[in-house]
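The chain contents come next:
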Amino acid sequence: MKTFRKHLNESLKDPKFKEVYDEEKELFEIAMKLHEYRKKSGKSQYDIAKEANLTQQQISRVENGVPCSITTFIKACHANGFRLDIKPLRPFKKRVAVG
């Protein structure tokens, strides 16, 4: 019988599976950071929701890594004292015009 880890390692050899897995992992890691920071700050989901002009249920979904709109995610981040930033995954290559 295969263990979960062996099955996962085999599945990660598929590039499409790996891409989706990495995206979900990144979302989950961010969601956990928001959850942990909120808990350390002593605030409830209701407190964060009130500051973000969202519902407690929306904050719960964000903290559980459930996909949501980018606007909801940004509001939840700001209410937790975070700002989203965009970073390139690889170096930018300047395109050269031909002609």
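About the thresholds
Residues numbered from 1 in each chain as written. Predicted model: local features only at pLDDT ≥ 70, side-chain atom pairs only at ≥ 80, totals over all residues. Heavy atoms only, no water. 1 Å grid on protein atoms, 1.4 Å probe; cavity = no way out; pocket = protein on both sides within 12 Å on 5 of 7 lines; lining within 4 Å. Points joined across faces, edges and corners; volume = space filled by probe spheres on them. Helix = DSSP H or I, 4+ residues; strand = E, 2+ residues; numbered from the N terminus. Nonpolar A, V, L, I, M, F, W, Y, C, P; charged D, E, K, R; others polar. Core = buried A, V, L, I, M, F, W, Y, C linked by side-chain atoms within 4.5 Å. Buried < 20%, exposed > 50% of the residue type's maximum accessible area, 1.4 Å probe, protein only. Contact = heavy atoms within 4.5 Å. pLDDT = per-residue confidence, 0-100. Axes fitted to C-alpha atoms, helices over the stretch in contact; angles between N-to-C directions. Parallel < 35°, antiparallel > 145°, perpendicular 65-115°, else oblique. Arc of directions from axis to C-beta. Left-handed = near helix turned anticlockwise from the far one by under 90°.

### Quick word on the layout of surface pockets
Next, step 1: Within this model, the largest pocket holds a volume of roughly 810 Å³.
Next, step 2: If you go around the largest pocket, you meet 21 residues; those closest to its centre are Glu26, Ile30, Phe73, Leu84 and Asp85.
Next, step 3: Elements with a minimum of two residues in the lining of the largest pocket: helix H2 (15-41) and helix H5 (70-79).
Next, step 4: The greatest single-element share of the lining of the largest pocket, amounting to six residues, is contributed by H2.
Next, step 5: Looking at side-chain class alone, the lining of the largest pocket contains 15 nonpolar, no polar and six charged residues.

### As for the nonpolar core
Next, step 1: Judged by nonpolar contacts, Leu34, Ile48, Ala49, Ala52, Leu54, Ile59, Val62, Phe73, Ala76, Cys77 and Ala79 together constitute the single largest core of eleven residues.
Next, step 2: When residues of this core are traced back to their parent elements, those giving at least two are helix H3 (45-52), helix H4 (56-63) and H5.
Next, step 3: The element that contributes the greatest number of residues to this core is H5, accounting for four residues.
Next, step 4: Not counting residues within four places of it along the chain, the set of residues in contact with Ala79 comprises Lys43, Ile48, Glu51 and Ala52.

### Observations concerning the confidence of the model for the chain
Next, step 1: Mean pLDDT over the chain stands at 91; residues scoring 70 or higher make up 98%.
Next, step 2: By mean pLDDT, helix H1 (residues 4-11) is the weakest element of the chain at 92, and H3 is the strongest at 97.

### A short note on the packing of H4 against H5
Next, step 1: Two elements in contact, H4 and H5, have axes whose closest approach is 10 Å; the angle formed by their N-to-C orientations is 90°. Here H4 lies roughly perpendicular to H5, going by the angle between them. The residues of H5 that touch H4, namely those facing Gln58, Ile59 and Val62, are Thr72, Phe73 and Ala76.
Next, step 2: The residue makeup of the contact of H4 with H5, split by class, is four nonpolar, two polar and no charged.

### Brief notes about H4
Next, step 1: Residues of H4 that are buried include every one of Ile59, Val62 and Glu63, and no others. Viewed along the axis of H4, the buried residues span an arc of 95°, placing them on a single side of the element.
Next, step 2: Its buried side turned inward, H4 meets H2, H3 and H5.
Next, step 3: Phi for Gly65, located one or two positions after H4, is positive at around 75°.

### Describing the packing of H3 against H5
Next, step 1: Running from N to C, H3 and H5 cross one another at 110°; their axes reach a closest spacing of 8 Å. With respect to H5, the element H3 is oriented roughly perpendicular. Crossing hand, H3 versus H5: right-handed. Contact with H3, carried on its side by Ile48, Glu51 and Ala52, involves Lys75, Ala76 and Ala79 of H5 and no other residues of that element.

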